[in-house]
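Structural description and commentary
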Amino acid sequence: MDKVKREDVELLLSTREALYALFHRALGCEPNDALIQVLTGEESRVLLSVVPESEAGRGAFRDYLTELDRLVERYAVSPSEVLSGMKDDYTALFFGPGRLEAPPSESYYRDSEGSFLSKHTLSVRREYARWGFGADEHAVEPDDTLVYELDFMRALAKKSLASWLDGELDTELHDAQVRFVNEHLLRWLGLYAGDMRACSRPGVYQQLVQMLWMFVNWDIRMLQSLPLDFDECASCAA
């Protein structure tokens, strides 16, 4: 980002908030008709189109769009059957029963013994507490489960947009997001995406996780290139 305008920064910040919200909803909630409409709608497609930055990425995005088009065609013929199949996939991929092919857990991928509770869980919990974010106290999943990490980043992205609209990016808030992406999301999502790519249930969820991995890599590059206040932005604007 060599030259930016204030409105460009606002657009980038609003885009990343919307994408974290989209991934959180798509990967963290049981599917319903409304979610299918969101995933297959034009707004979501346009949002995700900013993410691919390489030929391989553009290829993955085309694969994702192809999967969405298949979903639209099947849903038009038999919506109840498609929704039932998505619910089965969601349950099998994220909850079980039985051993998960790709557990959505940071600790699982980073702990040498594949534990679902580790020092990484505690590290994530400290970050949440620092920013007043609480994972669902009634849930059985650990704090470093994918759904909570995405919701945390969605919450911080929302705060970033609000701070920019107030006149500058909160430096501590900005640094916290860079740190969380670098020290947590980037450390395990690539492995998770690889396991999802090889799982026995191909479909929308498999493709969504590939898009999530690309998005997180896009997000860290975008975060590291943002101006932190209006004066800095104005000095580099065209």
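For the structure given in this document, a descriptive report is provided here. (Residues numbered from 1 in each chain as written. Predicted model: local features only at pLDDT ≥ 70, side-chain atom pairs only at ≥ 80, totals over all residues. Heavy atoms only, no water.)

1. Focus: the packing of aromatic side chains
Per the counting criterion, the structure on display carries 16 aromatic pairs. Counting every residue linked through ring pairs, the aromatic cluster contains Tyr-20, Phe-23, Phe-215 and Trp-218. (Phe/Tyr/Trp six-rings, centres within 6.5 Å; stacked < 30°, edge-to-face > 60°.)

2. Observations regarding the environment of Glu-113
Here Glu-113 is to be found in the loop between α6 (106–110) and α7 (119–130). When its relative accessible area of 72% is taken as the criterion, Glu-113 is described as exposed. With 38 residues separating them along the chain, Glu-113 and Asp-151 place their C-alpha atoms 26 Å apart. (Helix = DSSP H or I, 4+ residues; strand = E, 2+ residues; numbered from the N terminus. Buried < 20%, exposed > 50% of the residue type's maximum accessible area, 1.4 Å probe, protein only.)

3. What to know about the state of the cysteines
What the rule picks out here adds up to 0 disulfides. For the unlinked cysteine Cys-29, the closest cysteine sulfur is that of Cys-199, found at 20 Å. On the basis of relative accessibility, which here comes to 7%, the residue Cys-199 falls in the buried class. (Disulfide = S-S within 2.5 Å.)

4. Some thoughts on helix α8 (residues 146–165)
For α8, which comprises 20 residues, the first-to-last C-alpha distance of 29 Å matches the rise-based estimate of 28 Å (1.5 Å per residue) to within 8%. Here α8 lies mainly inside the structure; 15 of its 20 residues are buried. Phi turns positive one or two residues past the end of α8, at Gly-167, with a value near 130°. (Expected span 1.5 Å × (residues − 1).)

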